[in-house]
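Coordinates in review
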Amino acid sequence: MTTRGEPAPSPLTLEHLNKGFGEERILNDISLTIYDKETTAVLGRSGSGKTTLLKIIAGLESRDSGHIREGARDIAAEPPQKRGFVYLYQEPLLLPHLNLYENIAFGLRLQRRPAAEIEERVTAMIEELGLNGHRHKMPNELSGGQRQRVAFGRALIVHPRLLLLDEPFSSLDGEIRTRMQLLYKRVARRFQITALFVTHDLKEALLMGDRFAVIEDGRLTAYPDRRAFMMDPRSGVSAEKAFWENLEMD
Ligand SMILES: Nc1ncnc2c1ncn2[C@@H]1O[C@H](COP(=O)(O)OP(=O)(O)OP(=O)(O)O)[C@@H](O)[C@H]1O
């Protein structure tokens, strides 16, 4: 786990990861560098292997072959709790018997941080997430978007080495989804988050990512920059553009 003020750790690299379930090949020779303090967006259709990839990185699923390196160290065999990664699902997982404040404070209490520090950091996080006025509410008294913000707060407050985001906004729609995306960008910058963000939504990938990759049938293509991603037909940007350009007005 990293804290602010420490020297930047080495980037994480995935090298030649392979995974199959029975006869089905799910991940095919996946290599990717996850750069520090950046969000790498991975765009992929349903069933392309996004969740499997995140679970392998989190240590919740085994790989058949390949490496996950942090500098020279291969962490692919380490248990999930040793990796210092946090995996956020589509549905925010909160502790139902704890209020909003205590849900966010939970990781710091586990780390036995001093009470004054916990109070200061949790209060600052609640402020950052725009949840002032809700701190005593229980999870079942919060809206879906508020619960998702609490889940972010819980994850970010422990300064995870890597945040694994599995379509975290897909259960939200319309304006609240856009607001969450913008909030994520702001908070990721402020807390210097290193994240891998998987989504099937092209606009979301473009908005969330600093770096980009596409996964198609378990094969991953990483791009040097946004332009290269947008120029590749696999991103779907050109198809989207053509759709709007060719739309009849009447
Ligand atoms: N435990 C499992 N046993 C067998 N097959 C599995 C298992 N987990 C996933 N798969 C298969 O692996 C493929 C990729 O699944 P995965 O959940 O990684 O896709 P995804 O890109 O996250 O999809 P979605 O966007 O729909 O969540 C699918 O064909 C799925 O059926």
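Residues numbered from 1 in each chain as written. Predicted model: local features only at pLDDT ≥ 70, side-chain atom pairs only at ≥ 80, totals over all residues.

Per an unreviewed UniProt entry, the recorded name for the chain is ABC transporter ATP-binding protein, and the organism is Acanthopleuribacter pedis.

1. Digging into the overall build of the chain
Definition in use: Under the DSSP-based scheme used, a helix requires at least four consecutive residues in state H or I and a strand at least two consecutive residues in state E, with every element numbered from the N terminus. Our radius of gyration is a C-alpha quantity, and the globule rule it is checked against amounts to 2.2 Å times the number of residues to the power 0.38. Counting other C-beta atoms within 10 Å of a residue's C-beta gives its exposure: the residue is buried at 20 or more, exposed at 12 or fewer, and partly exposed in between, where C-beta atoms are placed from the backbone. With C-beta atoms placed from the backbone, a contact is any residue pair whose C-beta atoms sit within 7 Å.
The secondary structure content of the chain amounts to 9 helices and 10 strands. A compact globule built from 250 residues should have a C-alpha radius of gyration of about 18 Å, and the chain, at 19 Å, falls within 12% of that. Of all 250 residues assigned to the chain, the portion counted as buried reaches 35%. Expressed as a percentage of contacts within the chain between residues at least 6 apart in sequence, the contacts between residues at least 24 apart total 70%.

2. With respect to the site of the ligand
In plain terms, the rule: Each residue receives a C-beta atom built from its backbone; the residue is near a molecule or strand if that atom lies within 6 Å of it. Lys, Arg, Asp and Glu make up the charged group, whereas Ala, Val, Leu, Ile, Met, Phe, Trp, Tyr, Cys and Pro make up the nonpolar group; the residues left over, Gly among them, are polar.
In the vicinity of the ligand, the residues found are F21, I26, G44, S46, G47, S48, G49, K50, T51, T52 and H200. Of the residues forming the shell around the ligand, the biggest block, 3 residues, is contributed by helix α1 (residues 50-58). The residue makeup of the shell around the ligand, split by class, is 2 nonpolar, 8 polar and 1 charged.

3. As for the nonpolar core
Put simply, the rule is: Joined through C-beta atoms within 7 Å, a set of buried Ala, Val, Leu, Ile, Met, Phe, Trp, Tyr and Cys residues constitutes a nonpolar core.
Counting 56 residues, the largest nonpolar core has I104, L163, L164 and L196 as its most contacted members. Look past the residues within four positions of L196 in its chain and what remains in contact with it is I34, T40, V42, L54, I57, L162, L164 and L165.

4. Considerations on the UniProt feature "domain: ABC transporter" (unreviewed entry) in the chain
Our working rule: UniProt positions are given in the numbering used here, feature names are shortened, and annotations may be inferred rather than shown by experiment.
Per the UniProt entry, the sites bearing "domain: ABC transporter" (unreviewed entry) are residues 12-242 in this numbering. Helix makes up 38% of residues 12-242 and strand 26%, whereas the separation of the span's terminal C-alpha atoms amounts to 36 Å.

5. Re the sheet that holds strand β4 (residues 65-70)
Keep this limit in mind: At least two bridges found by DSSP between two strands is the condition for calling them paired. Only the stretch in contact is used when a helix axis is fitted, and all axes are lines through C-alpha atoms; the angle between N-to-C directions ranges over 0 to 180 degrees.
Across the sheet, which stays open at both edges, the 4 strands sit in the order β2-β1-β4-β5 with antiparallel pairing between neighbours. The strands lining the two open edges of the sheet, one partner per strand, are β2 (24-34) and β5 (73-74). Relative to β2, strand β1 (residues 12-21) is paired through 7 bridges, and the arrangement is antiparallel. Looking at the pairing, G20 lines up with R25 of β2. The strands touched by α1 are β1, β2 and β4; relative to β2, the strand with the most contacts, the crossing angle is about 60°.

6. Some words on the sheet that holds strand β6 (residues 85-88)
Spatially, the 6 strands line up as an open sheet ordered β6-β7-β8-β3-β9-β10, and their pairing is mixed. Two strands close off the open sheet at either side, each with one partner strand: β6 and β10 (219-223). Each neighbouring strand pair of the sheet contributes to a mean axis angle of 20°, computed without reference to strand direction.

7. Some thoughts on the packing of helix α3 (residues 100-110) against helix α4 (residues 115-128)
Stated formally: Any angle that is under 35 degrees is reported as roughly parallel, and any over 145 degrees as roughly antiparallel; angles of 65 to 115 degrees are reported as roughly perpendicular and all others as oblique. With the far helix as reference, a near helix turned anticlockwise by less than a right angle produces a left-handed crossing, and one turned clockwise produces a right-handed crossing.
Orientation of α3 relative to α4, taken along the N-to-C sense of each, is 135°, at an axis distance of 10 Å. The pairing of α3 with α4 is recorded here as oblique in orientation. Pair α3 / α4 crosses with right-handed handedness. On α4, the residues touching Y101, I104, A105, L108 and R109 of α3 are I118, R121, V122, M125 and I126. Considered class by class, the residues forming the contact of α3 with α4 number 8 nonpolar, no polar and 2 charged.

8. Points about unusual backbone geometry
Of note, the phi angle at K37 is positive, near 60°, even though the residue is not glycine. Turning to its location among the elements, K37 is positioned in the loop between β2 and β3 (39-44). Unlike most non-glycine residues, H159 shows phi in positive territory, near 50°. Within the secondary structure, H159 is located in the loop between α5 (144-156) and β7 (162-166). H159 sits in the partly exposed class, given 18 other C-beta atoms within 10 Å.

9. Concerning the packing of α3 against α5
Where α3 meets α5, the closest approach of the two axes is 7 Å, and the angle between their N-to-C directions is 25°. Between α3 and α5, the interaxial angle falls into the category roughly parallel. The way α3 lies across α5 gives a crossing that is right-handed. Here L100, N103, I104, F106 and G107 of α3 lie close against α5, whose contacting residues are V150, G153 and R154. Residues belonging to the contact of α3 with α5 are distributed by class as follows: 4 nonpolar, 3 polar and 1 charged.

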